[in-house]
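Each chain is listed here by its residues.
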Amino acid sequence: MSLSLRWRLAFPLIFFTLLLFVATAGGLWLYWDVDSPIRRALTAFMCLMLGITVGISVSIGADRRIESIPWLRLGAIVVFVALTTGVAWVRTMF
């Protein structure tokens, strides 16, 4: 897989996951005084999971050993974003 193809695949993923990460981290920072400790912990956990997805997205573009479409990494991104939405749903109960 060529360098340009890897980055064309990685760029939308980086943009999307970084957007989610920044929004979650911004909400954590803005509502720190208002939220309960449980909500803060869940939001921080969401930031951790989204930070991992940003790292995986960047690794798609940066890893020179990738020879074909990295389905395992794409699946990991989907799983982590789905888990983040599940944690956000649980967070609404607190």
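Coordinates for the structure precede this section.
So, here is what we can say about the structure in this document. (Residues numbered from 1 in each chain as written. Predicted model: local features only at pLDDT ≥ 70, side-chain atom pairs only at ≥ 80, totals over all residues. Heavy atoms only, no water.)

Bringing the side chain of Asp-35 into the picture now. Mapping Asp-35 onto the fold places it in the loop between α1 (3–30) and α2 (37–62). Since its relative accessible area comes to 14%, Asp-35 is described here as buried. (Helix = DSSP H or I, 4+ residues; strand = E, 2+ residues; numbered from the N terminus. Buried < 20%, exposed > 50% of the residue type's maximum accessible area, 1.4 Å probe, protein only.)

Under the definition given, this model contains three salt bridges. Among the salt bridges present, the one from Asp-35 reaches Arg-39, with a minimum N-O distance of 3.4 Å. The shortest N-O distance in the salt bridge between Asp-63 and Arg-65 comes to 3.1 Å. When its relative accessible area of 12% is taken as the criterion, Asp-63 is described as buried. Classification of Arg-65 as exposed rests on a relative accessible area of 68%. Among the charged side chains, a network of salt bridges with common partners joins Asp-63, Arg-65 and Arg-73. (Salt bridge = Lys/Arg side-chain N within 4 Å of Asp/Glu carboxyl O.)

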